[in-house]
Amino acid sequence: MTTNTADDALVSSRSAEVRPRWTGAQLIVVLVIGTAALMVSLTQALLVPVLSELAVDLKAGGDGVAWILTSTLLVGAVAVPAFGRLGDLFGTRRMLLITIGALIAGSLICALAHTLTMMIIGRSVVGLAVAAVPLSISLIGVTLPKAHAPAGIALISAMLGVGGALGLPLAGLVAQYADYHWLFWICVAGGVLTVPGIVLLVKEPKRVAKGRMDLVGTVLLGAAMLALLLPLAQGSSWGWTDPWTLGLLAAAVVLLVVFVVVELRLASPLVDVRTTARPSLLLTNVASLCVGFALFATLIGTASYVQAPAATGYGFGKSILVGGLCMLPGGIAMLLLSPFSARLRPRTALIVGSLIIAAGFVTRIVLVDSLWQVVVGATISGAGTGIAYAAMPGLIIHAAPRAELAAANGLNALFRSVGSSLASAIGGGILAAMTISLAGHELPSLTGYRTLFAICAGAAVLAALLAVFIPRHAQSTDAAFPED
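Now for a description of the structure that goes with this document.

**Here's the deal with the packing of helix 10 (residues 215-238) against helix 11 (residues 243-265)**
Where helix 10 contacts helix 11, the axes come no closer than 8 Å and their chain directions differ by 160 degrees. One way to sum up the angle between helix 10 and helix 11 is to call them roughly antiparallel. Regarding helix 10 and helix 11, the two cross each other, and that crossing is left-handed. Residue classes in the contact of helix 10 with helix 11 are distributed as 21 nonpolar, three polar and one charged.

**Focus on the environment of Leu 344**
Turning to its location among the elements, Leu 344 is positioned in the loop between helix 16 (328-343) and helix 17 (346-366). A residue is classified by how much of its surface remains accessible, and Leu 344, at 24% relative accessible area, is partly exposed.

**Remarks on the nonpolar core**
By size, the foremost hydrophobic cluster in this structure holds 123 residues, and its most contacted members are Leu 54, Met 119, Ile 140, Tyr 180, Tyr 305 and Leu 350. By size, the runner-up hydrophobic cluster in this structure holds five residues, among which are Leu 281, Ile 396, Ala 400 and Ala 408.

**Description of the pairing of strand 1 (residues 435-438)**
Where strand 1 meets strand 2 (residues 441-444), four bridges bridge the pair, whose relative direction is antiparallel. By the bridge assignment, Ile 436 is partnered in strand 2 with Leu 443. The hairpin formed by strand 1 and strand 2 contains two residues between the paired strands, and Ala 439 there has a positive phi angle of roughly 55 degrees.

**Observations regarding the packing of aromatic side chains**
Tallied over the entire structure, the rule returns six aromatic pairs. Between the aromatic rings of Tyr 305 and Tyr 314, the centroid separation amounts to 4.9 Å while the plane-to-plane angle is 40 degrees, which identifies the pairing as tilted. By relative accessible area, which is 2% here, Tyr 314 ends up buried. Summarising the aromatic geometry, the rings of Tyr 305 and Phe 453 are spaced 6.3 Å apart at their centres and angled 45 degrees between planes, so their arrangement reads as tilted. Placement of the pair is Tyr 305 in helix 14 (residues 303-307) and Phe 453 in helix 20 (residues 446-468), with a sequence separation of 148 residues. Take Tyr 305 and Phe 453: they sit in the same class, and that class is buried. Cluster of aromatic residues (ring-pair linked, three or more members): Tyr 305, Tyr 314, Phe 361, Tyr 449 and Phe 453. In this arrangement the basic side chain of Arg 364 is found over the ring face of Tyr 305, its NZ or CZ atom lying 5.2 Å from the centre. Over the aromatic face of Tyr 389 sits the side chain of Arg 416, whose NZ or CZ is 4.6 Å from the ring centroid.

**Quick look at the packing of helix 5 (residues 92-112) against helix 7 (residues 132-143)**
For any two helices packed against each other, the geometry comes down to the angle between their axes and how far apart the axes lie. It is at 9 Å that the axes of helix 5 and helix 7 come closest, and there the two elements cross at 150 degrees. Comparing their axes, helix 7 and helix 5 come out roughly antiparallel. The two elements helix 5 and helix 7 meet at a crossing, and its hand is left-handed. Contacts between helix 5 and helix 7 involve Thr 92, Arg 93, Met 95, Leu 96, Thr 99 and Ile 100 on the former and, on the latter, Ala 132, Leu 135, Ser 136, Ser 138 and Leu 139. Partitioned by chemical class, the residues of the contact of helix 5 with helix 7 number six nonpolar, four polar and one charged.

What counts as what
- Residues numbered from 1 in each chain as written.
- Predicted model: local features only at pLDDT ≥ 70, side-chain atom pairs only at ≥ 80, totals over all residues.
- Heavy atoms only, no water.
- Axes fitted to C-alpha atoms, helices over the stretch in contact; angles between N-to-C directions.
- Helix = DSSP H or I, 4+ residues; strand = E, 2+ residues; numbered from the N terminus.
- Parallel < 35°, antiparallel > 145°, perpendicular 65-115°, else oblique.
- Left-handed = near helix turned anticlockwise from the far one by under 90°.
- Nonpolar A, V, L, I, M, F, W, Y, C, P; charged D, E, K, R; others polar.
- Buried < 20%, exposed > 50% of the residue type's maximum accessible area, 1.4 Å probe, protein only.
- Core = buried A, V, L, I, M, F, W, Y, C linked by side-chain atoms within 4.5 Å.
- Pairing = 2+ DSSP bridges.
- Phe/Tyr/Trp six-rings, centres within 6.5 Å; stacked < 30°, edge-to-face > 60°.
- Lys NZ or Arg CZ within 6 Å of the ring centre and 35° of its normal.
- Contact = heavy atoms within 4.5 Å.

See below:
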């Protein structure tokens, strides 16, 4: 018995050495950076429930209102890779502060806007802030000690889903009881509160990247993303066979090919194509696209589903607020399960999380009789998304060179954004094509929603399969956070 006690004490001593306690300063750093990431991700979901109110107040048609969302998407697609590389070259903390400044300025413009033009300008400025999330992930990865970095990264990454899940009920609450401009004032206040914490408490990591900013590559990638995302966002109104839609998609392919050729010839490229093509990074990025697709489909396939009239055969005729609240348990699950993801190997966490997402969507297909069943299905998908999202930066940080860490995280975030855009285009197309007629209005049918959920389940399973083939111990020789 004495020997066992001594052995236990030795094991406990070694565990204490391996896993030191969190310090107050480390927890505050995670809280400050996490709040910044949350505010940015919040802005991407806040407007969805209040678009009809925006259209009336701004005297805008459907196309004009769509540009309020599209402007943020397009600017963010350019800003994410550009700020990632700028962070590697000139300081991740510095670039994070600039993006938070864009969040504050853009939200302030929107809060004061009473015309469609000013609203679009404000949302375009907010698009620059989208880069704050991958910058935050990179900053946490190299600021915290190795023992705590995975948990910090998992928490920051989970904010991508948490912001979306919290944004819908918050917007619903404001839409029901106050003016929608308050949504932007909330973003202004949140951004202002995070700046002093970052300035005073977060140190700028030592920069190891060399070279200069690749302006040619930035322009090419930005143009390619614009050519890809613009038709995805506007295809339903333009028409999928419209010459503009097809022409832009073709231009995107050409521009991406030119971008790869140019980057291969540069000594200091925006994206190191050879490094990005490694299986450990390439498979992670494609899996991120699949998970991003599933997350956005959860958002568009839950609130509107719950708000549909009961006469549709599936809806519950609930308010915007109730529709948003149905997403809240999923957001809480994302937040609570991110530490669980940090305890697993990133590859394992991605597989587990993706399969849980698929299970959630299968639940949505099968259980349609009660509101609580919708909430359960959305919560299961949310829990899986939290685990999967938290795993992806871990895979990136194990495989990407330290000098390219922010750029690699930015590219991964870009893949997630493309996945969300595909979900919006494909999901919107499915729900518009599979409809029922009710009181002279065309509404999505239950078959349409089930088809969307089945595609999402398939995307999640594909992400799990891709994760299976990610090499177990693949990492760069100068990885920012090498495995033991």
